[in-house]
Amino acid sequence: MFVVSRYILNYTKDSLLNKAILFSFFFLLIPVFLSASEWDKANIWYFGYRAGIDFNTNPPTVISGETSTDEGTSVACDDNGQLLFYTDGVTVWNRNHQVMKHGVGLLGDFYAAQSAIILPELNDKNKFYIFTVDLGDPNKSSGLNYSIVDLNAEGGSGEIVSKNNFISKNITEGMTSTKHANDEDYWLITHGHSNNSFYVYKITEDGIQLPIESKVGRELTDIYDRLAYTKVSPTGDKIVQSFYTKTFIQIFDFDNSTGEVSNPKTISADELYWGYSFEFSPNEEFLYTSSRSNPSFLMQFDVSLENENDINNSKEIIATDNEQFLYGSLQLAPDGKIYHAKSQKRYLGVINDPDNKGLACNYEKQGFDLGQFKSGIGLPNFVQNIVAPPPCLNSFEYADFSDVNGLNLIGSSKQTGDFIRLTEAVPSQRAAVWNKEDLPIIDGFGTEFSFRMSEPHNSYNDGSIPGSDGVCFIIHYKENGLNSLGESGGGIGYSGIENCLVIEFDTYRNYLSD
């Protein structure tokens, strides 16, 4: 495994420099599976009875839309988290909350658990698929269908340019989606009724591919099994499925390279009767389940355990309520919390710390006030791994530098109050600050830092006072590398250091040709 052994912000001054740099920073390490903009595409939610949430603000704020539905919806946002359109599976509203042209009569249903989900059409960034399912009755159902939205139409407000294209008949109410392992294509995951077949559709630039069928797990045979709420984990390697009037659910492995579903495990508990919805914690260690029995139950299971019996024995009851049919959907949000729909209530439950075991998950029964609007039992259906940034597997943070025990300061760097001064206002200096702990970055990383530099940009030999050569952030792998320090001047302190990746802020014009 490739690991990063040091984190450095490195700075140097050559013989002409006579200005100081004051330096303070904040680090945060997170695995990066998608570009940061992907995480904003789930920032707007519309659901229930005109209810909505805007996650572009911190804390999130109440907004209102046009939905009037008890169950599934889906919302599309752009890379900046701004609304494009939304649907309840029957009607489509544009960004101005007007019914989109030809945006009525889609073949979803107000009472379908996961009535709709929106995926991009990959050969045109202005077009989207809306996949719909209805009540799942094998004798009456319209099955799985798709419609196409063109946002270039109607002056950018969008139009349904192709509607209710049939895909498959015998499908349950549950469908979910995740990105393909290639980070380009998508998977649409559905299940048949009266069988044990998952039908997984790959969405590519060439369109919707023929389904990959996996016959695995228990058969869905009961009339109520048509609900079959389905959820994929944030990284797309697990699927969980309900058996609505049974006292068990099943969890499966999902290969998001091939689309194959395998290795069923049964989670059993009396409290799972009328089990409706699920959600994985961001770290995927825990599965939360919401049942609509009397009383209703919110439970947690440790699905990081390999043994089926151990998973069952890990059950933690997080909350109960004596009002039957109260508890509804669970959905991970961009703020890393899990929101819990409550039928006909003007609030949602919130699991504030879902990565924590048991009651330490900090569940609030009335955690988010919807104002004058009401929730149904559904929440928006999204591509699961664009909802929220993955959790920090390893991290370190310095809000200030009053304590530098975890850092190695070399060269001219020194602690000054609650910041680090890398160089003073004298020439020919270079300095480095290394994090002492080795951290793995094979799954990616993110970082934030801030610094202040005097005279940060001057032209060469123009008569002004020269400024700083620059500052850089270095990912470095080298045994005994805590004392590594590169060349000065144009080398900006990293030139000569082997096995490193550098983000350079070069603020000095060394040559007229630069």
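Everything numeric here is computed off the predicted structure, so don't read it as measured data.

1. Here we look at the pattern of salt bridges
One pass over the full model with this rule turns up eleven salt bridges. Measuring nitrogen to oxygen at the nearest pair gives 3.4 Å for the salt bridge that ties Asp79 to Lys41. Taken as a pair, Asp79 in the loop between β7 (74–77) and β8 (83–87) and Lys41 in the loop between β3 (21–23) and β4 (44–47) lie far apart in primary sequence, 38 residues in all. A relative accessible area of 37% places Asp79 in the partly exposed class. Here Glu66 makes a salt bridge to Arg50, at a shortest N to O gap of 3.7 Å. Of this pair, Glu66 sits in strand β6 (residues 61–68) while Arg50 sits in strand β5 (residues 49–54), placing them 16 residues apart in sequence. The exposure class of Glu66 is partly exposed, given its relative accessible area of 35%. Using a relative accessible area of 37% as the deciding quantity, one classes Arg50 as partly exposed.

2. As for the sheet that holds β5
If you trace the three strands from one edge of the open sheet to the other, you get β4-β5-β6, paired in antiparallel fashion. The open sheet has two edge strands with one neighbour each: β4 and β6. In this sheet, neighbouring strand axes are inclined to one another by 25° on average, regardless of whether the strands run parallel or antiparallel. Summarising the sheet, β4 and β5 pair through four bridges and their orientation is antiparallel.

3. Focus: the nonpolar core
Grouped together as the largest cluster of nonpolar side chains are 38 residues, with contacts concentrated most on Trp45 and Tyr339. Here this core takes four residues from β4, the largest share from any one element. Grouped together as the second largest cluster of nonpolar side chains are 21 residues, Ile249, Met299, Val303 and Ile377 included.

4. A few points about the confidence of the model for the chain
Summary statistics for the chain give a mean pLDDT of 82 and a share of 75% for residues scoring 70 or more. Across residues 1–37, confidence stays below pLDDT 50; counting only partners more than four residues off in sequence or on other chains, it has 205 contacts. In the model, residues 456–460 has pLDDT below 50 throughout and makes 16 contacts with residues more than four positions away in sequence or in other chains.

5. With respect to the pairing of strand β34 (residues 430–435)
For a regular strand, side-chain orientation follows a simple rule: the groups alternate between the two sheet faces. For β34, the buried fraction is high: five of the six residues fall into the buried class. Taken together, the five bridges between strand β31 (residues 407–411) and β34 define a ladder with antiparallel strand orientation. From the neighbouring strand, Leu409 faces β34, where its bridge partner is Val433.

6. Topic: the side chain of Ser177
Residue position: Ser177 is located in strand β14 (residues 171–179). Residue class for Ser177 comes out buried when judged on its relative accessible area of 0%. Aside from chain neighbours lying at most four places away, what touches Ser177 is Ile117, Leu119, Tyr186, Trp187, Val232, Phe382, Val383 and Gln384.

7. Re the packing of aromatic side chains
Geometrically, a pair of aromatic rings is defined through the distance of the ring centres and the angle of the planes. Applying the stated rule across the entire model yields 20 aromatic pairs. Considering the side-chain rings of Trp45 and Phe382, the 6.1 Å spacing of their centres and the 40° angle between planes classify their relative orientation as tilted. Taken together, the residues span a long stretch of sequence, with Trp45 in strand β4 and Phe382 in the loop between β30 (363–369) and β31 at a distance of 337 residues. A residue is classified by how much of its surface remains accessible, and Trp45, at 0% relative accessible area, is buried. Residue Phe382 is classed as buried on the basis of its relative accessible area, which comes to 2%. With a centroid separation of 4.7 Å and 85° between ring planes, the pair formed by Tyr244 and Trp274 is classed as edge-to-face. You can see Tyr244 sitting in the loop between β20 (238–242) and β21 (248–254) and its partner Trp274 sitting in the loop between β22 (261–268) and β23 (275–280), a full 30 residues away along the chain. With a relative accessible area of 15%, Trp274 lands in the buried category.

Basis of the calculations
Residues numbered from 1 in each chain as written. Predicted model: local features only at pLDDT ≥ 70, side-chain atom pairs only at ≥ 80, totals over all residues. Heavy atoms only, no water. Salt bridge = Lys/Arg side-chain N within 4 Å of Asp/Glu carboxyl O. Helix = DSSP H or I, 4+ residues; strand = E, 2+ residues; numbered from the N terminus. Buried < 20%, exposed > 50% of the residue type's maximum accessible area, 1.4 Å probe, protein only. Pairing = 2+ DSSP bridges. Axes fitted to C-alpha atoms, helices over the stretch in contact; angles between N-to-C directions. Core = buried A, V, L, I, M, F, W, Y, C linked by side-chain atoms within 4.5 Å. pLDDT = per-residue confidence, 0-100. Contact = heavy atoms within 4.5 Å. Phe/Tyr/Trp six-rings, centres within 6.5 Å; stacked < 30°, edge-to-face > 60°.

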